[in-house]
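Fold and geometry: a report
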Amino acid sequence: METFDSLFFSRDVFPRGSITDYYHEVSYGQANIVGEVIDWYNAGWYSVYFDFEPLLEILDPVIDYSQFDGNGDGDVDAVTFIRAGNGKEDSGNPADIWSYAYVYPPHSGPGPFDGVYVSRWNTSPETQPLRDSLNPRNFTGVSILNKI
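A brief structural summary. (Residues numbered from 1 in each chain as written. Predicted model: local features only at pLDDT ≥ 70, side-chain atom pairs only at ≥ 80, totals over all residues. Heavy atoms only, no water.)

Reading across from one edge, 1-3-2 is the order of the three strands in this open sheet, with mixed pairing throughout. Pairing within the sheet leaves two strands with one partner each, and these edge strands are strand 1 (80-83) and strand 2 (100-103). Across the sheet, the mean angle separating the axes of adjacent strands is 10° when strand polarity is ignored. In terms of strand pairing, strand 2 meets strand 3 (residues 120-125) through four bridges, oriented antiparallel. The residue of strand 3 that forms the bridge with Y102 is W121. (Pairing = 2+ DSSP bridges. Helix = DSSP H or I, 4+ residues; strand = E, 2+ residues; numbered from the N terminus. Axes fitted to C-alpha atoms, helices over the stretch in contact; angles between N-to-C directions.)

On to helix 2 (residues 19-26), then. For helix 2, every residue scored as buried is listed here: I19, T20 and D21. Lining the buried residues of helix 2 we find helix 1 (2-9). Put simply, S18 is the residue that caps the front of helix 2, since its side-chain oxygen is 3.2 Å from the backbone nitrogen of T20. Just downstream of helix 2, Y28 is the residue with a positive phi angle, here 55°. (Buried < 20%, exposed > 50% of the residue type's maximum accessible area, 1.4 Å probe, protein only. Contact = heavy atoms within 4.5 Å. Polar contact = N/O pair within 3.5 Å; in protein donor to acceptor, adjacent residues only side chain to side chain.)

Right, dumping it as structure tokens:
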């Protein structure tokens, strides 16, 4: 949990930066990304067709979604589900889930939760498989923390 918090919200910690570092740089210091990483939630076994959207309602008692409407427009600015394991986009394994995102029109989508809608969310894998440097088509059998 602490690692993902740092990858998202730290400033000047990692040589290649965090998400907050990225947005700070590309906005010329005008954007400051803040948020919260909650503890892992066990949603049970998931398959390539797993639907993450119902988790928004399940987690409503744990998350005050209204805290994450930074511009006050009635929509949560962003939600990211980090799921265990690799993404199919890296592994090619048909049992892994492709990372994807949903974007609904403003003031629609799941909710309202705590008075706001979750009109956009995405899912990303926790890890990515390492490739063999001599034969990049092959995996080494080792996975590392995914780049955000």
